[in-house]
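Structural features, examined
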Amino acid sequence: MQIDILNIEGKKTGRSIELPEEIFGVEPNNHVIYLAVKQYLAAQRQGTHKVKTRAEVQGASRKLHKQKGTGGARKGNIRNPLYKGGGTIFGPKPHGWGFKLNRKVKDLAKISALSVKAKENSIIIVEDLQLETPKTKQFVGFLKNLNINVEGRKTMFITPEYNDNVYLSLRNIPTVDGTVLSDVNTYDIMNSNYIVFTESAAKIFTEEPAEAEA
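Residues numbered from 1 in each chain as written. Predicted model: local features only at pLDDT ≥ 70, side-chain atom pairs only at ≥ 80, totals over all residues. Heavy atoms only, no water.

Judged by pairing direction, the sheet is mixed, and its six strands sit side by side in the order 2-1-3-6-4-5 without closing on themselves. The sheet is open, and its two borders are formed by strand 2 (12-18) and strand 5 (176-180), each paired with just one other strand. Across this sheet, the average inter-strand angle for adjacent strands is 30 degrees, counted without regard to direction. (Pairing = 2+ DSSP bridges. Helix = DSSP H or I, 4+ residues; strand = E, 2+ residues; numbered from the N terminus. Axes fitted to C-alpha atoms, helices over the stretch in contact; angles between N-to-C directions.)

Okay, structure coming up:
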């Protein structure tokens, strides 16, 4: 998959990158994408929901009246779940919602998500940004040069490593999320309308394994 590299003005630089078909050109597996997104969202849940049982609510522990001879129903103490202010039966307790996915499944989900965006022509590669100081206005102008509407379209900006000036420039834009390549996940990819790689980040896909290790 051949993609042109654009400059900060949104114009072609005359260079291009051949993205590997085994990552950006596979037939997407929608089920593994669903599983990976489900796992990500489940991990975000705090799981702190809690109610009090009859052992935890306030109230005397004495029996309200004797067991027999009153003509009424049998009653325990005032903390009985049947009374207002009593404990809750089988209520929620704190627990984690996360679940495990095999590494191969997660990798396939990420590859499938990238292939989906490639088919939608939503992947953009730009030359590396050299920002001397953090400037949100300058970054918004840069995105507009790429024909990206920051008002209603979500964008994920990916760099090979953390860059202070870049991330300080984009963090105040609600629809733009910045991340390093190693932290990219399936949810972020599918939740974005545009995936913008810097040239250095995109070149990692074209490196041979031996070169990448070196």
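Having seen it, we continue.
Moving on, we get to the pairing of strand 4 (residues 155-159). Counting buried residues in strand 4 gives five out of five residues, a clear majority hidden from the surface. Side chains Thr155, Phe157 and Thr159 of strand 4 all project onto a buried face; the interleaved residues Met156 and Ile158 project onto the opposite face, where all are buried too. Sheet topology places strand 4 next to strand 5; five bridges connect them, and they run parallel. Looking at strand 5, one finds that Phe157 is bridged to Gly178. Assessed by its sense of winding, the connection that carries the chain from strand 4 through helix 5 (residues 164-170) to strand 5 is right-handed. With four bridges joining them, strand 4 and strand 6 (residues 194-198) adopt parallel strand pairing. (Buried < 20%, exposed > 50% of the residue type's maximum accessible area, 1.4 Å probe, protein only. Right-handed = clockwise from strand over helix to strand, strands pointing away.)

Nothing here speaks to function; it is all geometry.
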